[in-house]
Every structure is written in structure tokens, then in C-alpha cells.
Amino acid sequence: MNALICASRFSAVRLNLLTRKAAPAVAQLHTSAVRRDIDQAAKYIGAGAATVGAAGSGAGIGSVFGNLVIAYARNPSLKQQLFSYAILGFALSEAMGLFCLMMAFLILFAF
């Protein structure tokens, strides 16, 4: 009788091993809706913080051309040289604003 019980247990274990599905090799990542909402909110906050530099760019451009007018009023004979410096200052200030805008778009759409 004891041998019969052992044989039935062995066949049950063997059947269980044969029918068991293999575990997946890579576990899938599950994110909850709350986690996705927090990530989306963080993206919006980061993009908003990155666009603050555009305001600084506008202030820089205004400062460059305001000082151009003052310098031209003091010495009109340097018009060409002052204007070339003003264009250089405008380009550098505008580039910084565009970099800030590019970072905001990267935060929103690339990550």
C-alpha cells in the first residue's frame, strides 16, 4: 500500500513538472496610471522651467538694441561698427533662447 502511495505521488509531481509553463525570460515592466501621471507632470514642469530662458533671451535682445541706440547717440561716426556688434549680440542672445526652446521640446517629446 505504501508503495502505491509513493508511486501516485511521484506521478503527480512528474505530471506537475511536465504541465508547468516556463517562466518568461524577461520580466515586463508594469507602470501604474498614477506613475504615468507623475511622469507626465514632471515633463510639463521641466519643459516650463526650460522655457524660462526664452524670457532672458528677450531681455538680452532688448538690452543689446537699447545700448545700440545709446551708443549711436553718443558717437554717430561708429554706426557700422556698433551695428555689427549689435547683430553679434543679437545672434548670441537669440541662440541661447533657441537652445532653451529646444531643450523644452526634447523634454516633452523625446523622453
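See the structure printed just above.
Thresholds applied
- Residues numbered from 1 in each chain as written.
- Predicted model: local features only at pLDDT ≥ 70, side-chain atom pairs only at ≥ 80, totals over all residues.
- Heavy atoms only, no water.
- Helix = DSSP H or I, 4+ residues; strand = E, 2+ residues; numbered from the N terminus.
- Contact = heavy atoms within 4.5 Å.
- Axes fitted to C-alpha atoms, helices over the stretch in contact; angles between N-to-C directions.
- Parallel < 35°, antiparallel > 145°, perpendicular 65-115°, else oblique.
- Phe/Tyr/Trp six-rings, centres within 6.5 Å; stacked < 30°, edge-to-face > 60°.
- Salt bridge = Lys/Arg side-chain N within 4 Å of Asp/Glu carboxyl O.
- Buried < 20%, exposed > 50% of the residue type's maximum accessible area, 1.4 Å probe, protein only.
- Nonpolar A, V, L, I, M, F, W, Y, C, P; charged D, E, K, R; others polar.

Draft legend 1. Looking closely at the side chain of Ser57. Turning to its location among the elements, Ser57 is positioned in helix H3 (residues 52-74). Beyond its immediate stretch of four places on either side in the chain, Ser57 contacts Ser93, Glu94 and Gly97.

Draft legend 2. Fine view of the packing of H3 against helix H4 (residues 79-109). In contact at an axis separation of 8 Å, H3 and H4 are set at 175° when each is read in the N-to-C sense. The pairing of H3 with H4 is recorded here as roughly antiparallel in orientation. Facing Gly53, Ala54, Ser57, Gly60, Ile61, Val64, Phe65, Leu68, Ala71 and Tyr72 of H3, the residues of H4 in contact are Lys79, Leu82, Phe83, Ala86, Gly89, Phe90, Ser93, Glu94, Gly97 and Cys100.

Draft legend 3. Representation of the packing of aromatic side chains in the model. Enumeration according to the criterion identifies two aromatic pairs in this entry. When the centroid spacing of 6.1 Å and the interplanar angle of 20° are considered together, the rings of Phe105 and Phe109 count as stacked. Taken together, the residues Phe105 and Phe109, both in helix H4 and four residues apart, mark about one turn of the helix.

Draft legend 4. Fine view of the pattern of salt bridges. Considering all chains together, one arrives at one salt bridge under this definition. Of the charged contacts, one joins Arg35 and Asp39 as a salt bridge, the two residues approaching to 3.9 Å between their closest N and O atoms. Note that Arg35 and Asp39 are positioned in helix H2 (residues 33-50) at a spacing of four residues, about one turn of the helix. On the accessibility criterion, Arg35 (48% relative accessible area) is partly exposed.

Draft legend 5. Here's a closer look at the environment of Ala91. With respect to the secondary-structure elements, Ala91 resides in helix H4. A relative accessible area of 39% means that Ala91 is categorised as partly exposed. Spatially, the C-alpha atoms of Ala91 and Ile61 are 8.7 Å apart, while their sequence positions differ by 30 residues.

Draft legend 6. Molecular detail of the packing of H2 against H4. The contact between H2 and H4 brings their axes to 8 Å, and the two run at 175°. The angle between H2 and H4 falls in the class roughly antiparallel. Every residue of H4 that contacts H2 at Lys43, Tyr44, Gly46, Ala47 and Ala50 is listed here: Cys100, Met103, Ala104, Ile107 and Leu108. Class assignment of the residues belonging to the contact of H2 with H4 gives a composition of eight nonpolar, one polar and one charged.

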